[in-house]
Amino acid sequence: MVTSLANFRSDYTVVQIPGGDFLQYRQRVFVNINLQRLGCSGRSALTLQEPSDATKEKFLTMFNLPSSQSQAGMGLRGDPNATFRQTVIEMVRLMQCGLSLYDMFPMDYDEQNGLLCDDTLDGMQKWVSEIGQPYLKIEVCIWIHCDSALADQSFNFFFNAPT
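Residues numbered from 1 in each chain as written. Predicted model: local features only at pLDDT ≥ 70, side-chain atom pairs only at ≥ 80, totals over all residues. Heavy atoms only, no water.

Caption draft 1: Highlighting the environment of Gln125. By the element assignment, Gln125 lies in helix α5 (residues 118-136). The exposure class assigned to Gln125 is partly exposed, which follows from its relative accessible area of 22%. Linking Gln125 and Met104, residues 21 residues apart in sequence, is a C-alpha distance of 9.5 Å. (Helix = DSSP H or I, 4+ residues; strand = E, 2+ residues; numbered from the N terminus. Buried < 20%, exposed > 50% of the residue type's maximum accessible area, 1.4 Å probe, protein only.)

Caption draft 2: Region of interest: the pattern of salt bridges. By the definition in use, this model includes four salt bridges. With a shortest N-O distance of 2.6 Å, Asp118 and Arg37 are connected by a salt bridge. Taken together, the residues span a long stretch of sequence, with Asp118 in helix α5 and Arg37 in helix α1 (residues 22-37) at a distance of 81 residues. Note that Arg93 is salt-bridged to Glu90, the shortest N-O span being 2.6 Å. Placement of both Arg93 and Glu90 in helix α4 (residues 80-101) is noted, with a separation of three residues, approximately one turn of the helix. A relative accessible area of 31% places Glu90 in the partly exposed class. Three or more residues are tied together by salt bridges with common partners; here these are Arg28, Glu50 and Arg85. (Salt bridge = Lys/Arg side-chain N within 4 Å of Asp/Glu carboxyl O.)

Caption draft 3: Just the side chain of Asn32, in detail. Mapped onto the elements of the fold, Asn32 is located in helix α1. The exposure class assigned to Asn32 is buried, which follows from its relative accessible area of 10%. Not counting the four nearest positions on each side in its chain, Asn32 is found in contact with Leu46, Thr47, Leu48, Gln49 and Pro51. (Contact = heavy atoms within 4.5 Å.)

Caption draft 4: Structural context of the side chain of Ser41. Looking at the element boundaries, Ser41 is found in the loop between α1 and α2 (53-62). Ignoring sequence-local partners within four residues, the contact set of Ser41 consists of Leu35, Gln36 and Thr55.

Caption draft 5: View of α1. Approximately 30° is the largest bend angle found in α1, and it occurs at Arg28. Within the sequence span of α1, burial applies to Tyr25, Val29, Phe30, Val31, Asn32, Asn34, Leu35 and Arg37. Along its buried surface, α1 packs onto α2, α4 and α5. Phi turns positive one or two residues past the end of α1, at Gly39, with a value near 85°. (Bend = angle between axes of the 7 residues up to and from the residue.)

Caption draft 6: Spotlight on the packing of α4 against α5. The geometry of α4 relative to α5 is characterised by a closest axis approach of 10 Å and an angle of 55° between their N-to-C directions. When the interaxial angle is binned, α4 and α5 end up oblique. With respect to the hand of their crossing, α4 and α5 are arranged in left-handed fashion. Between α4 and α5, the residues in contact are Met95, Gln96 and Leu99 and Thr120, Gly123, Met124 and Trp127, respectively. Taken together, the residues of the contact of α4 with α5 sort by class into four nonpolar, three polar and no charged. (Axes fitted to C-alpha atoms, helices over the stretch in contact; angles between N-to-C directions. Parallel < 35°, antiparallel > 145°, perpendicular 65-115°, else oblique. Left-handed = near helix turned anticlockwise from the far one by under 90°. Nonpolar A, V, L, I, M, F, W, Y, C, P; charged D, E, K, R; others polar.)

Caption draft 7: Just the nonpolar core, in detail. Grouped together as the largest cluster of nonpolar side chains are 27 residues, with contacts concentrated most on Leu35, Leu38, Phe59, Phe63 and Trp127. At the level of secondary structure, the elements contributing two or more residues to this core comprise α1, α2, α4 and α5. Of all the elements, α4 adds the most residues to this core, at seven residues. (Core = buried A, V, L, I, M, F, W, Y, C linked by side-chain atoms within 4.5 Å.)

Here's what the structure looks like:
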């Protein structure tokens, strides 16, 4: 536990949690980390604020998901921010579940929490190099901030039904 910022590593990001209840803000933290690691939010600092509309649109476009306007037309109701947060978390969970089928991510349900962690990224790199490159002709890249792999239609096979 850090009691003084002077003892805190400078390469860590400090995020103030109102009231100190991390579990209340966990989903927001996970979503903002995921969006940042996917390259959707640019170089902005990690915060608890809702992602910008541009960040949301970039994520939806990256995975060929319907925009928020068309989601409303499909009958999805409720808080659009909560719906978007859940979409981001579930997309990463789907990645983690897919990786676990290939034994490239732990099968433990607690590990499949929707956070795009280093283990998830390592599993994705392993999947691309062992399966994606030889069989689907997907080039290996550093997955963090790598839009070219996601823009490739063949890479959508991993996330979506084949088109």
